[in-house]
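Here are the chains, one letter per residue:
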Amino acid sequence: MARDDKALGFEQALAELEGLVERLEHGDLPLDEALKAFERGVALTRQCQSSLQEAQQKVEILLKRGGAPQIQPFAAADEDSPPAGTAAE
């Protein structure tokens, strides 16, 4: 189950996450497999949240410019850094 999370697009990660949730909800997985599926689900959830955060930041940049298309570099947030607008603990 060890896949490169960055290689998956948002839709692919979400589809895989939905499949994992369905398998876990059935409750017929052995404990070891259930734990592995849960760990994979956590990783996919983090990836999806990161993708959504990046998309939200891009939208906010566009809205601040009044919707006028302009080229501006966009730096993706690191996974270890806190989301924009929040304080690090």
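This one's a predicted model, so the numbers in the text were calculated from it and none came from an experiment.

K.L.:
I'm lost on the overall build of the chain in this one. Help?
P.N.:
A count of helical and extended segments in the chain gives two helices and zero strands. Considering the chain as a whole, with its 89 residues, one finds that 18% of them fall into the buried category. Long-range contacts, defined as pairs at least 24 residues apart, comprise 58% of the intrachain contacts of the chain with a sequence gap of at least 6. Summed over its atoms, the accessible surface of the chain is roughly 7000 Å², and 56% of this surface lies on carbon and sulfur atoms.

K.L.:
Looking at this model, I keep getting lost on the nonpolar core. Mind explaining?
P.N.:
A general tendency of soluble globular proteins is for nonpolar side chains to be buried together. Grouped together as the largest cluster of nonpolar side chains are nine residues: Leu8, Ala13, Leu17, Leu20, Leu29, Ala34, Ala37, Leu44 and Cys48. Those elements that place two or more of their residues in this core are helix 1 (10-26) and helix 2 (31-64). Top contributing element to this core by residue count: helix 2, with four residues.

What counts as what
Residues numbered from 1 in each chain as written. Predicted model: local features only at pLDDT ≥ 70, side-chain atom pairs only at ≥ 80, totals over all residues. Heavy atoms only, no water. Helix = DSSP H or I, 4+ residues; strand = E, 2+ residues; numbered from the N terminus. Buried < 20%, exposed > 50% of the residue type's maximum accessible area, 1.4 Å probe, protein only. Contact = heavy atoms within 4.5 Å. Areas by Shrake-Rupley, 256 points an atom, 1.4 Å probe, with all protein chains shown as cover. Core = buried A, V, L, I, M, F, W, Y, C linked by side-chain atoms within 4.5 Å.

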